[in-house]
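The chain contents come next:
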Amino acid sequence: MSDFQQKFIDFAIHYKVLCFGNFKTKAGRLSPYFFNTGLFNDGHALRQLGQFYAQAILDAKIPFDALFGPAYKGIPLVSAIAIALAEHGHNHPFSFNRKEAKDHGEEGNIVGAPLAGRILIVDDVVSAGISVQQSIDIIHAAHATPCGIVVALDRMERGERELSAIQEIESIHGIKAFPLITLDDIIAYLHTREDLAHYVTAIEAYRAQYGAR
């Protein structure tokens, strides 16, 4: 676990984005932890979140032409990341999708810059990979090329078979994923916190049941 990852986990716990207990995930699994970027819900938190993502993108040296964030949580996320990157001297167009296409005014289901060239997908969490797969389909439909995925957390859970959802996406589509943190990082972090270490057993049991092999 790097200093960057430790700071990000501290940040997520401070805003109660990363919580421990009993939760149901989007995939319908009962999880001993939950990560909800919707709780980065004030200006200061969103600015910091954008900076964390921007730093991860710059460190990874990902070549891309534009950013895409899937509705709904991806909308403020991709906006904050675009601003943060511009503050670092990297000005990129961005867009996001509507859940339902409009048939008047600005028609279609894409808002913002047209999807063209190499598109970097930014999302919050990957568990079953449903949102990322939908984003890839949208980008392909626009005849653009998904070139990478940056997410806050890789839950490292199995997809349809033994690989994790991210590993399946990387294998099928030939694009690389760049998580800010993984479940391994969370477990390593908990071992450094006496007040939170008692959650490790439940999280490791959850990983044993649903984690990629």
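Everything numeric here is computed off the predicted structure, so don't read it as measured data.

Procedures and definitions
Residues numbered from 1 in each chain as written. Predicted model: local features only at pLDDT ≥ 70, side-chain atom pairs only at ≥ 80, totals over all residues. Heavy atoms only, no water. Helix = DSSP H or I, 4+ residues; strand = E, 2+ residues; numbered from the N terminus. Buried < 20%, exposed > 50% of the residue type's maximum accessible area, 1.4 Å probe, protein only. Contact = heavy atoms within 4.5 Å. Areas by Shrake-Rupley, 256 points an atom, 1.4 Å probe, with all protein chains shown as cover. Lys, Arg positive; Asp, Glu negative; His and termini not counted. Charge placed at Lys NZ, Arg CZ, Asp CG, Glu CD. Arc of directions from axis to C-beta. Salt bridge = Lys/Arg side-chain N within 4 Å of Asp/Glu carboxyl O. Polar contact = N/O pair within 3.5 Å; in protein donor to acceptor, adjacent residues only side chain to side chain. UniProt positions renumbered as here; feature names shortened; annotations may be inferred.

Caption draft 1: Representation of the overall build of the protein chain within the structure. Helices and strands together make up the secondary structure of the protein chain, namely seven helices and eight strands. A buried classification covers 48% of the 213 residues belonging to the protein chain. Pairs at least 24 apart in sequence give 69% of the contacts found in the protein chain among residues at least 6 apart. For the protein chain, the accessible area works out to roughly 10500 Å², and carbon and sulfur atoms hold 52% of it. Where the 19 positive side-chain charges of the protein chain centre and where its 24 negative ones centre are 2 Å apart.

Caption draft 2: Broad picture of helix 7 (residues 200-210). Of the residues making up helix 7, those classed as buried are Val-200, Ile-203, Tyr-206 and Tyr-210. Each buried residue of helix 7 lies within a common arc of 125° when the element is viewed along its axis, so the set occupies one face. Exposed residues pointing more than 90 degrees away from the buried face of helix 7 are listed as Thr-201 and Ala-208. Check the buried side of helix 7 and you find it contacts strand 1 (18-24), strand 2 (30-35) and helix 6 (183-190).

Caption draft 3: A look at the pattern of salt bridges. If you walk through the whole model with that rule in mind, you get eight salt bridges. Between Glu-87 and Arg-47 there is a salt bridge, with its nearest N and O atoms 4.0 Å apart. Highlighted residues: Glu-87 in helix 3 (residues 74-87) and Arg-47 in helix 2 (residues 43-60), separated in sequence by 40 residues. The class for Glu-87 is partly exposed, based on a relative accessible area of 48%. By relative accessible area, Arg-47 is classed as exposed at 51%. In this structure, the salt-bridge partner of Arg-207 is Asp-184, at a minimum N-O distance of 2.1 Å. Here Asp-184 lies in helix 6 and Arg-207 lies in helix 7, a separation of 23 residues in the sequence. Accessibility expressed as a relative area gives 25% for Arg-207, which makes it partly exposed. Residues participating in the shared-partner salt-bridge network are Arg-29, Arg-155 and Glu-157.

Caption draft 4: Region of interest: helix 6. The element helix 6 is largely enclosed, with a buried count of six among its eight residues. Listing the buried residues of helix 6 in full gives Leu-183, Asp-185, Ile-186, Ile-187, Tyr-189 and Leu-190. In this structure, the buried side of helix 6 is in contact with helix 1 (3-14), strand 1, strand 2, strand 7 (145-154), strand 8 (176-182) and helix 7. Where helix 6 starts, the residue carrying a side-chain oxygen 3.3 Å from the main-chain nitrogen of Asp-184 turns out to be Thr-182.

Caption draft 5: Representation of the UniProt feature "binding site: orotate" (unreviewed entry) in the protein chain within the structure. Within the UniProt annotation, "binding site: orotate" (unreviewed entry) is assigned to Phe-34, Phe-35, Ser-127 and Arg-155. By the secondary structure assignment, Phe-34 is in strand 2. Beyond its immediate sequence surroundings of up to four residues, Phe-34 is in contact with Val-17, Leu-18, Cys-19, Phe-23 and Lys-24.

Caption draft 6: Region of the structure containing the environment of Asp-195. Looking at the element boundaries, Asp-195 is found in the loop between helix 6 and helix 7. By relative accessible area, Asp-195 is classed as partly exposed at 45%. Only 2.7 Å separates the side chain of Asp-195 from the side chain of Arg-193, close enough to count as a polar contact.

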